[in-house]
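Structure assessment
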Amino acid sequence: MLAAIDLASDDGRYSDQDYDTVIAAIEDLVGEAPVDAPLDHQSFVTAPWATLFASFGPKHTAGKPVVHETNLSLQSFARFPKTPIRVLDIVQEIEHRTKTYSNVTQIETIDARVQATLIVHGRYRDDDDNRQRYQVDFYAAQLTSDALDAAAIRSAFQLDTDSALVQTLSPPKLYSDVVYCDDLLRINYGSMSGIYVMKRLKQPFQSVKADA
């Protein structure tokens with residue numbers, strides 16, 4: 001499967017044939033899942049996970065690379081303005097003690113002059129009937145940066161001068177099926193037909209409080 005993912009062109013995109021090869025390899029690996037019920041092994045699933053491959057659902061975005069141009073509104077459930085941005089990296093954080101299920105996205109302005117982190121904070125609920133299914137409630141979107149103060153973040157990403165950098169969310173109820181998880185990789189099927197392959201990271205969580 002990893003070899004299939006590496007078939008991406010230099011810009012991260014896939015031809016139709018290579019995309020179909022990736023999906024077939026994912027389906028083959030899912031059939032060999034070592035953990036049938038991830039919700040019964042939550043400490044094993046706990047980790048920050050880097051995105052290796054993402055198919056966002058609709059066919060016209062199916063081969064979209066992880067690094068891509070978009071806008072801040074789309075990435076924040078419309079809580080921040082439609083400022084053009086470039087997504088550089090997507091890390092998903094699952095932490096079983098706090099029931100955290102958050103997306104941590106590294107972004108930059110289109111001119112590549114300013115980088116920041118967009119955290120879409122979420123919590124998950126167990127599904128009693130489907131032990132692969134994480135019922136996810138995203139509740140806040142946060143713009144943050146270790147290098148910039150609040151005023152600089154607002155200026156770079158075209159927010160109003162008094163706009164809060166943490167915005168409350170009320171998005172539709174979503175779920176994510178963890179259909180494969182081992183020591184290295186995790187595969188998710190999303191409620192909006194997304195398919196995601198992720199690699200386990202050994203690094204601190206960004207969306208979970210240190211004392212959690």
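Please refer to the structure higher up on the page.
A brief look at the structure comes next.

Once that is clear, we can look at the packing of aromatic side chains. Taken as a whole and assessed by the stated rule, the structure comprises five aromatic pairs. Measuring from centroid to centroid gives 5.6 Å for Tyr 14 and Phe 53, while their planes differ by 75 degrees, and the two rings are edge-to-face. Of this pair, Tyr 14 sits in the loop between helix H1 (2–5) and helix H2 (16–30) while Phe 53 sits in strand E1 (residues 47–55), and the two are 39 residues apart along the sequence. Note on accessibility: Tyr 14 and Phe 53 belong to one class, buried. Considering the side-chain rings of Tyr 101 and Tyr 134, the 6.0 Å spacing of their centres and the 50 degrees angle between planes classify their relative orientation as tilted. Of this pair, Tyr 101 sits in strand E4 (residues 100–109) while Tyr 134 sits in strand E6 (residues 133–144), placing them 33 residues apart in sequence. When sorted by exposure, Tyr 101 lands in the same class as Tyr 134, which is buried. Members of the aromatic cluster, each reached through a chain of ring pairs, are Tyr 14, Tyr 19 and Phe 53. Directly above the ring of Tyr 139 sits Arg 123, whose terminal nitrogen or CZ lies 4.0 Å from the centroid. The ring of Phe 44 is capped by Arg 200, whose NZ or CZ atom sits 4.9 Å from the centre of that ring.

Across the 10 residues of E4, nine count as buried, placing the element largely inside the fold. Note that strand E3 (residues 84–95) and E4 share 10 bridges and pair antiparallel. Looking at the pairing, Arg 86 lines up with Glu 108 of E4. Linking E3 to E4, which pair antiparallel, is a turn of four residues; within it Lys 99 sits at a positive phi near 60 degrees. Two elements, E4 and strand E5 (residues 115–126), share seven bridges in a ladder whose sense is antiparallel. By the bridge assignment, Thr 100 is partnered in E5 with Arg 123. Linking E4 to E5, which pair antiparallel, is a turn of five residues; within it Ala 112 sits at a positive phi near 65 degrees.

On to the environment of Ile 5, then. Tracing the backbone through its elements, the reader meets Ile 5 in helix H1. Placed 200 residues apart in sequence, Ile 5 and Phe 205 show a C-alpha to C-alpha distance of 26 Å.

Moving on: unusual backbone geometry. Look at Phe 77: it is not a glycine, yet its phi comes out positive at around 55 degrees. For Phe 77, the position within the fold is in the loop between helix H4 (72–75) and E3. Even without being glycine, Ser 193 reaches a positive phi, approximately 70 degrees. Residue placement: Ser 193 occurs in the loop between strand E9 (185–190) and strand E10 (195–200). A residue is classified by how much of its surface remains accessible, and Ser 193, at 53% relative accessible area, is exposed.

What follows concerns H2. For H2, spanning 15 residues, the distance from its first C-alpha to its last is 21 Å, which sits close to the expected 21 Å at 1.5 Å a residue. Among the residues of H2, those classed as buried are Tyr 19, Val 22, Ile 23, Ala 25, Ile 26 and Val 30. The buried residues of H2 all sit within an arc of 160 degrees when viewed along its axis, so they share a single face. Exposed side of H2, more than 90 degrees from the buried face: Gln 17 and Asp 28 are the residues found there. Close packing links the buried residues of H2 with H1, E1, strand E8 (174–181), E9 and E10.

Parameters at a glance
Residue numbers restart at each chain and count upward from 1, following the sequence in its written direction. Residue-level local features of this predicted model are given only where pLDDT is at least 70; pairs of side-chain atoms are given and counted only at 80 or more, and the full residue set underlies all totals for whole chains, interfaces and linings. The basis for the side-chain values is all heavy atoms of the structure; hydrogens and waters are excluded. Ring pairs are drawn from Phe, Tyr and Trp, using the six-membered ring of Trp, whenever the two centres fall within 6.5 Å, and their geometry is named by plane angle: stacked under 30 degrees, edge-to-face over 60, tilted for the rest. Only DSSP runs of H or I with at least four residues qualify as helices, and only runs of E with at least two residues qualify as strands; both kinds are numbered from the N terminus onward. Remark: exposure states derive from per-residue accessible area (1.4 Å probe, protein chains only) relative to the maximum for the residue type, with buried under 20%, exposed over 50%, and partly exposed in between. Our definition puts a charge over a ring when NZ of Lys or CZ of Arg is within 6 Å of the ring centre and also within 35 degrees of the ring normal. In short, DSSP must find at least two bridges between two strands for them to pair. The span expected for a helix works out to 1.5 Å for each residue beyond the first. Within this analysis, the arc is defined by the directions that extend from the helix axis to the C-beta atoms. The contact rule is simple, with two residues in contact once any of their heavy atoms fall within 4.5 Å.

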